[in-house]
Amino acid sequence: MGIQISPSILSSDFAYLAQECERVSSADWLHVDVMDNHFVPNLTLGLPVVESLLQAVHTPIDCHLMIEDPDRWAPAYAEAGVQSVTFHVEAAHAPIRLARELRNQGARAGMALKPATPVTPYADMLAELDMLLLMTVEPGFGGQKFLDLVVPKIRHAAELIKGRDIDVWLQVDGGVSAETIEVCAEAGADVFVAGSAVFGAEDPERAIANLRALATAAANEPIDTERL
């Protein structure tokens, strides 16, 4: 599995959502942020819109659930056909059971951590996951500045994954752009959520290609973090 780019539709024009998704057809995933105005102070969209998107687009959907009680609500997204469902460990009551249920429904199971949530306490459950998402901004709003203090956490998570010889993708979300993607890739991330850096570009497809090229090169080269 190489570098993957997952544009966040949170930065798209919701009035033309299906058409906006077609503008990024070269993406590996479509990142859909579901917010409930409880776990995070923002309200976006929910299962009905996701179900409609599944019928309208061909790119696999990567749902990031920033909601309370994901144990109750997350399985419905997998059952609807979402290919990747990510819940926040801070909100889950039984994260291992939830991850197994998502997998049983046929989805990839992802677990997200806020910037201040450490990785180490969850090292033993990495084998239950298909993806670990490290937030590089506080969840809730798009367009925030990348928090470079998360970079050592990315590196540590990558080492934990490699140390267990498991197939877990490492995703980063928040402030990902041409200026920040290289340091994330060098640290070990391989799936990148980018919102305004893609949908705010004059040519979204070119922006995706550029992000992919930068991350691919950086994955094998040391990066000077002082450039951030």
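Residues numbered from 1 in each chain as written. Predicted model: local features only at pLDDT ≥ 70, side-chain atom pairs only at ≥ 80, totals over all residues. Heavy atoms only, no water.

This part takes up the pattern of salt bridges. Taken as a whole, this structure holds seven salt bridges when the rule is applied. Residue E20 pairs with R23 through a salt bridge whose shortest N-O separation is 2.8 Å. R206 is the partner of D203 in a salt bridge, and the nearest nitrogen-oxygen pair spans 3.9 Å. (Salt bridge = Lys/Arg side-chain N within 4 Å of Asp/Glu carboxyl O.)

Turning next to unusual backbone geometry. If you check the backbone angles, N37 has positive phi at about 65 degrees while not being a glycine. Within the element layout of this structure, N37 appears in the loop between strand 2 (30-35) and helix 2 (47-56). The phi dihedral of D69 falls on the positive side, at around 55 degrees, and the residue is not glycine. Assignment of secondary structure puts D69 in the loop between strand 3 (61-66) and helix 3 (70-80). (Helix = DSSP H or I, 4+ residues; strand = E, 2+ residues; numbered from the N terminus.)

A separate point is the pairing of strand 7 (residues 169-173). Burial within strand 7 is extensive, with five of its five residues counted as buried. Residues W169, Q171 and D173 of strand 7 are buried on one face, and the alternating residues L170 and V172, pointing to the opposite face, are buried as well. Sheet analysis places strand 6 (residues 131-135) next to strand 7, joined by five bridges and oriented parallel. Residue L133 lies in a different strand from strand 7, and its bridge partner there is Q171. Two elements, strand 7 and strand 8 (residues 191-194), share three bridges in a ladder whose sense is parallel. (Buried < 20%, exposed > 50% of the residue type's maximum accessible area, 1.4 Å probe, protein only. Pairing = 2+ DSSP bridges.)

Bringing the side chain of H88 into the picture now. Within the fold, H88 resides in strand 4 (residues 84-88). You can call H88 buried: its relative accessible area is 0%. In this structure H88 touches F39, H64, L65, M66, P70, A112, L113, K114, M135 and P139, once residues within four positions along its chain are discounted. (Contact = heavy atoms within 4.5 Å.)

The subject of this paragraph is the environment of P121. Within the element layout of this structure, P121 appears in the loop between strand 5 (108-113) and strand 6. Given the relative accessible area of 56%, P121 is considered exposed. Spatially, the C-alpha atoms of P121 and Q171 are 18 Å apart, while their sequence positions differ by 50 residues.

Here the distance between the centres and the angle between the planes together describe a pair of aromatic rings. In total, this model carries one aromatic pair according to the counting rule given. Between the aromatic rings of W29 and W169, the centroid separation amounts to 6.0 Å while the plane-to-plane angle is 70 degrees, which identifies the pairing as edge-to-face. Here the residue W29 occupies a position in the loop between helix 1 (17-22) and strand 2, and W169 occupies one in strand 7, the gap between them amounting to 140 residues. For the pair W29 and W169, a shared accessibility class is recorded, and that class is buried. The ring of W169 carries the charged tip of R108 above its face, separated from the ring centre by 3.5 Å. (Phe/Tyr/Trp six-rings, centres within 6.5 Å; stacked < 30°, edge-to-face > 60°. Lys NZ or Arg CZ within 6 Å of the ring centre and 35° of its normal.)

Caution is warranted with low-pLDDT regions, since their predicted coordinates should not be read in detail. On average, residues of the protein score 93 in pLDDT, and 96% of them reach the 70 mark or higher. Predicted confidence for residues 222-228 stays below pLDDT 50, and this span has 12 contacts to residues more than four positions away or in other chains. (pLDDT = per-residue confidence, 0-100.)

Contact geometry of helix 2 with helix 3 gives a least axis separation of 10 Å together with a crossing angle of 15 degrees. Considering the angle they form, helix 2 stands roughly parallel to helix 3. Seen from above, helix 2 lies across helix 3 with right-handed handedness. For the pair helix 2 and helix 3, contact is made by L47, V50, E51 and L54 and by A76, Y77 and A80, respectively. Considering only residue class, the contact of helix 2 with helix 3 consists of six nonpolar, no polar and one charged. (Axes fitted to C-alpha atoms, helices over the stretch in contact; angles between N-to-C directions. Parallel < 35°, antiparallel > 145°, perpendicular 65-115°, else oblique. Left-handed = near helix turned anticlockwise from the far one by under 90°. Nonpolar A, V, L, I, M, F, W, Y, C, P; charged D, E, K, R; others polar.)

Along the chain, the position of S52 falls in helix 2. For S52 and A18, which are 34 residues apart along the polypeptide, the C-alpha to C-alpha distance reads 9.2 Å.

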